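Below, each chain spelled out in residue letters.
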Amino acid sequence: MPLLEVTNLKKSYTSPEGEKDLVIDIPMFTVNQGEQIALQGGSGSGKTTFLNLIAGILKADDGSIVLSGQELSSLSEPERDRLRADNIGYVFQTFNLLQGYTVLENILVGMMFGNGMDKDFARFLLERVGLKDRMNYYPGQLSVGQQQRVAIARALANRPKLVLADEPTGNLDFRRAHEVVELIRRVCFENGTALLLVSHAQNVLQQFDVIEQLANINRALKESIPPRSMETQS
Amino acid sequence: MSYFGGLGGFILLVRRSLTQHALSTLVTVISVALASGLVMSVFSIKTQTYNAFTGGPVGFDAVLGARGSQLQLVLNTVFHLETSPGNIPWMMYQTIQKDPNVELAVPYAVGDNYRGFRIVGVTDKIFSDFEYQKGRRFQVKPGGQFFNPERREAVIGSFVAQKTGLDVGSKFNPYHGLIFDEKMRHAEEYEVVGVLEPTNSPSDRLIWVPIEWFYRTTGHVLRGKGEIYEPEPGEEIPDEHKEVSAVMLKLKNPQSGFILDQIINKQGKVATLAWPIGRVMAELFDKIGWVNRILSVVAYLVVFIAAGSILASIYNTINERRREFAILRALGARKKHRFLYDCPGGSLHCGTGVGMWICRLCGYPERSGYRRKSPDRCGVGRFRVSSRTPIDTCGNDYSWGSCRTNPRVKGLFNRCGHESRPDLVKLLV
C-alpha cells in the first residue's frame with residue numbers, strides 16, 4: 001500500500017472575473033514509503049497547490065488523497081492538522097523560519113504540535129545538517145544556505161513519513177542548491193522518510209532517480225490552451 | 001496531543017512572543033496604564049473634590065465674619081484656604097455667643113504661620129466644647145495636653161507634627177502672614193504642649209494657640225474700636241480693642257440659621273453670616289461648573305484615544321503575527337492554539353490592570369483601609385480613587401467571549417488565526 005495515494009484530485013480557483021480556473025486535475029499519483037520523487041513544473045503549474053492539498057492546508061474540490069491510510073477529505077480540519085503534524089514535514093522555498101526564535105527553538109517549535117518537544121533529537125537533527133555550533137543563533141544571523149538547513153531539520157523534527165519540499169533551492173546558488181538537495185535526500189533516506197520535491201530547476205531534478213513531469217500528471221495543464229505554465233517553464 | 005507539546009512549549013512561545021514584541025507590548029501596557037490612570041484620576045478628583053468641600057459635617061453650621069464674600073469666609077475659616085476677608089470686633093463675638101439661636105461660638109484669629117501651617121488663635125472652647133464630628137472632640141496624643149490660655153503654648157495638628165517634626169516640648173517662633181517668609185519671624189516663642197490625634201479634617205494642619213497670646217504677638221495691632229491699639233506686656237487688653245477674623249458657630253437648630261441669616265445678612269450691614277456652609281461651597285462648584293465640564297471632556301477624550309490606541313495595537317499585533325501563525329499552522333498548529341499564542345488581549349488587560357494599580361498606588365482606594373487613615377476633608381487629603389470608572393468597564397468588556405460574539409469585533413477576530421486557507425497559503429509562500 002502506498003504512503004500517499006492521490007486519485008482524481010481536482011482543485012480550482014475563482015478568477016477575479018468570477019470564472020472557475022481549474023489548476024489541479026490529477027487522475028492518479030502515488031508515493032511509496034521511503035520513495036524520493038522530484039516533480040518538475042514551471043511557475044503557475046500548480047505544484048505548490050498540489051503540495052498544499054497533500055498537506056491538508058488546502059481542501060480539494062473533488063477526488064481523494066489517502067495519506068498513511070487516512071482519507072483526508074473524511075477528516076475534520078483539526079484532524080487534518082493533526083495528521084499533518086504527525087506525518088508531514090514541509091520545507092518552503094522561503095524557509096519560513098520564526099525570526100524571533102533561535103535555531104534550536106525553531107526545531108522545537110516544529111515538534112510542539114506533533115509528538116512533543118525532544119531536545120536531544122532536535123540537537124541530533126541540527127548536528128546532521130551541520131549546524132550543531134549554531135543552535136543558539138537566530139535565523140537572521142545565519143547565511144541563506146544555513147537557514148534552509150534549519151528548515152530541513154525542522155521538517156524532520158516530528159519524524160514524518162513524508163517530506164514535502166517546495167522549491168527548497170529557489171533562493172540558493174548552484175553549489176548550495178546541490179548541497180541542500182543532497183542533504184535533504186540523505187537525511188530522508190536515513191530516516192526512512194519519503195520525499196516529494198517540486199522544482200523547476202534542472203540541476204536539482206537531475207539529482208533524483210524518479211522525476212515526474214507535472215504537465216504529464218496534471219490534466220488541467222494539458223487542457224489549458226495555450227498552457228501558461230508551459231510557456232514559462234524553464 | 002497536549003497544547004504546545006506541554007508546559008515547556010507553551011512557556012517557550014509566550015516567552016518569545018513577549019520578548020519578540022517587547023517594545024510594542026511595553027508601549028501598549030504603559031499607554032493603557034497611563035490612560036486608565038489618568039481617566040480614573042480625573043473622574044475621581046472631580047468627585048472627591050466636590051464631596052470633600054460640600055459633603056459631610058465640618059463641625060460648624062455657620063461662620064460669622066466681616067462684610068463680604070460668604071465663600072471667602074468659609075474657605076478661610078473652615079477649610080483654611082484663602083485670606084481672611086477682614087476682621088470683626090470682639091464685641092460682635094460676645095453678642096453672637098449670647099444669642100439664643102447659638103449653641104456654641106468660637107472666635108478665630110488668623111494671620112501668622114509656622115513654615116506654611118496656619119497659626120490660629122482660639123479660646124479653649126475649641127477643645128472643651130467643639131465637636132468636629134458628631135460626638136467627637138479633639139484629643140491629644142499621650143504625653144500631651146491642651147494649651148493653658150494663661151501661657152504662650154500651642155497645640156498642633158497631627159499633620160503639622162508629621163511635616164515639621166514639632167512635638168511636645170518643642171518651641172517655635174511664628175512667622176507673620178499666611179505665607180511662610182523667613183524674614184517675617186516674630187520674636188515670641190511658643191511651646192508645643194500637645195499634638196492632636198488625627199481627625200481627617202483640615203484641623204490636622206493647624207497650630208492652635210490661645211487667642212490672648214495671639215493678640216500679644218509683637219507687630220499685631222488691634223483695631224476693635226477703629227483706632228490702632230498695641231497691647232503692652234502684662235497689660236490686660238480691653239474687650240473693645242479686640243477683634244477676630246471670624247466666629248465659628250454651632251446653631252441650635254436649622255430655624256436658627258434662617259433667623260440669623262435674616263438679621264445679619266438681610267437687615268445688617270456690618271457682618272456676613274455664611275450659612276449653611278454646604279450650600280456656600282455648592283455655589284462655588286456651580287460657578288466653576290465649566291471646569292468640571294472641561295475635565296469631563298478631557299476624560300472622555302482620553303478614553304476615546306485610549307480605546308483607539310487599543311484597537312490600533314490589536315490590529316497591528318494581529319497583522320504582525322498572522323505570518324508567524326501561518327507557519328505554525330503548516331507545522332500542525334490548530335486554530336485553537338491561536339488563542340493562547342496570540343495574547344494581545346491579555347497584554348491589554350494586563351495594561352489596564354497595571355493602570356489601575358498605578359492609580360491605586362498614587363491615590364487612595366475608596367474601599368481600602370486607607371480611607372480611615374487618610375484625611376478625607378479638603379485641605380489635607382490626597383484624593384481617593386474609585387475603581388469604577390468608564391475605562392474599567394471598557395477594559396473588562398474586551399474579553400474573549402465578547403470578541404467572539406460581537407459582530408463588530410468578529411470581522412477583526414476573523415483575521416486572527418482564522419485566515420481562509422488560500423490566505424494561509426499566501427502567507428507561507
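Data block above holds the structure.
About the thresholds
- Residues numbered from 1 in each chain as written.
- Chains lettered and ligands numbered in written order.
- Predicted model: local features only at pLDDT ≥ 70, side-chain atom pairs only at ≥ 80, totals over all residues.
- Heavy atoms only, no water.
- Pairing = 2+ DSSP bridges.
- Helix = DSSP H or I, 4+ residues; strand = E, 2+ residues; numbered from the N terminus.
- Contact = heavy atoms within 4.5 Å.
- Axes fitted to C-alpha atoms, helices over the stretch in contact; angles between N-to-C directions.
- Salt bridge = Lys/Arg side-chain N within 4 Å of Asp/Glu carboxyl O.
- Buried < 20%, exposed > 50% of the residue type's maximum accessible area, 1.4 Å probe, protein only.
- Buried area = accessible area lost by both parts, 1.4 Å probe.
- Polar contact = N/O pair within 3.5 Å; in protein donor to acceptor, adjacent residues only side chain to side chain.
- Core = buried A, V, L, I, M, F, W, Y, C linked by side-chain atoms within 4.5 Å.

(A) How the structure looks around the sheet that holds strand β2 (residues 20-31) of chain A. Residues and elements named next belong to chain A. With antiparallel pairing, four strands are arranged side by side in an open sheet as β2-β1-β4-β5. Edge positions in the open sheet fall to β2 and β5 (70-71), since each of these has one partner strand only. Note that strand β1 (residues 4-14) and β2 share ten bridges and pair antiparallel. Looking at β2, one finds that L9 is bridged to I26. Running over the sheet, helix α1 (residues 47-55) touches β1, β2 and β4 (62-67) and is turned about 120° from β1.

(B) Here's a closer look at the pattern of salt bridges. Applying the stated criterion to the full structure yields 19 salt bridges over all chains. A:K47 serves as the salt-bridge partner of A:E167, at 3.3 Å between the closest nitrogen and oxygen. On the criterion of sequence distance, the pair formed by A:E167 in the loop between β7 (162-166) and α6 (174-191) and A:K47 in helix α1 is long-range, its members being 120 residues apart. Taken individually, A:E167 and A:K47 each receive the classification buried, so the pair is uniform in this respect. When the shortest N-O distance is used, the salt bridge between A:R134 and A:D133 registers 3.1 Å. Salt bridges sharing common partners tie together A:E77, A:D81, A:R84 and B:R329.

(C) Inspection of the interface of chain A and chain B at higher detail. Residue-level contacts link 32 residues of chain A with 30 residues of chain B. Between chain A and chain B the total buried area reaches about 2,800 Å² when both faces are included, carbon and sulfur atoms providing 62% of it. Three residues stand out in chain A for area buried against chain B, namely A:Y101, A:M112 and A:F113, and they jointly supply 24% of the buried area on that side. Of the charged contacts, one joins A:D81 and B:R329 as a salt bridge, the two residues approaching to 3.1 Å between their closest N and O atoms. In this assembly, chain A and chain B are joined by four residue pairs in polar contact (both at pLDDT 80 or more). Among the secondary structure elements, those contributing two or more residues to the side of chain A that touches chain B are α1, α2 (77-87) and α3 (103-112) of chain A. For the side of chain A that touches chain B, the leading source of residues is α2(A), giving seven residues.

(D) Spatial organisation of the nonpolar core. With 53 residues, the main nonpolar core has A:I107, A:V109, A:F113, A:L126, A:I152, A:L195 and B:L328 as its most contacted residues. Not counting residues up to four positions away in its chain, the partners in contact with A:V109 are A:L98, A:Y101, B:L12, B:L13, B:L328 and B:L331. By size, the runner-up hydrophobic cluster in this structure holds 42 residues, among which are B:I119, B:L166, B:Y175 and B:L251.

(E) Focus on unusual backbone geometry. All names here are of chain B. Put simply, W275 and P276 share a cis peptide bond, and its omega is -20°. Counting through the fold element by element, P276 comes out in the loop between β12 (271-274) and α9 (277-287). A positive phi angle, near 50°, is found at R115, a position not held by glycine. If you trace the backbone, R115 turns up in the loop between β3 (102-114) and β4 (117-122). According to the relative accessible area criterion, R115 is partly exposed, its value standing at 43%. In this structure, N200 takes a positive phi of about 55° despite not being glycine. On the secondary structure map, N200 appears in the loop between β8 (190-195) and β9 (206-210).

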